[in-house]
Amino acid sequence: MTSSNSILFSEEKKVVKYNSKDNNYEWELDFSHKVFGLSRVDNYVFVTTYSNWGKSFSHIIDFENGKLLWEIEDIFYSVHIVGEILIFYNKKKFFTGVNINSGKQIFSIKAPF
């Protein structure tokens, strides 16, 4: 198991990766909407933002370099990563699979319940 000295945190419209060992910011990423969700799975950072009009967006960021890979106007629920496929349950009650690096949709199936 490797240990990381990096900390992710968010401000109102920004996400920052801070290196506590070197006492510096490795990257900062600004968003046009307010950040209300932040999590990390493997080398991917998931950021959820919302607009003043009630629209929600999910963004995928590369953890190492802070590059925004893609974004979608949806919220990810129950996230799973299988190879290069991100599978999530969305607010329309569909299980959707997308290429995690490009955001290209591979499938979308209505939940049976």
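Residues numbered from 1 in each chain as written. Predicted model: local features only at pLDDT ≥ 70, side-chain atom pairs only at ≥ 80, totals over all residues. Heavy atoms only, no water.

1. Details of the packing of aromatic side chains
Part 1: Per the counting criterion, the structure on display carries 7 aromatic pairs.
Part 2: Considering the side-chain rings of F46 and F76, the 6.1 Å spacing of their centres and the 80° angle between planes classify their relative orientation as edge-to-face. Of the two residues, F46 sits in strand β5 (residues 44-50) while F76 sits in the loop between β7 (68-72) and β8 (77-82), which places them 30 residues apart along the sequence.
Part 3: F76 sits in the buried class, given a relative accessible area of 13%.
Part 4: Through pairs of rings, three or more aromatic residues link up here, namely F46, W70, F76 and F88.
Part 5: We note K17 situated over the ring of F63; from NZ or CZ to the ring centre the distance is 3.9 Å.
Part 6: Positioned above the aromatic ring of F63, the side-chain terminus of R40 is 3.6 Å from the ring centre. (Phe/Tyr/Trp six-rings, centres within 6.5 Å; stacked < 30°, edge-to-face > 60°. Helix = DSSP H or I, 4+ residues; strand = E, 2+ residues; numbered from the N terminus. Buried < 20%, exposed > 50% of the residue type's maximum accessible area, 1.4 Å probe, protein only. Lys NZ or Arg CZ within 6 Å of the ring centre and 35° of its normal.)

2. Let's talk about the sheet that holds strand β3 (residues 24-30)
Part 1: The strand order across the open sheet built from 3 strands is β1-β2-β3, with neighbouring strands paired in antiparallel fashion. Each edge of the open sheet carries a strand with a single partner, namely β1 (6-11) and β3. Looking at each pair of strands side by side, their axes are set apart by 20° on average, direction ignored. (Pairing = 2+ DSSP bridges. Axes fitted to C-alpha atoms, helices over the stretch in contact; angles between N-to-C directions.)

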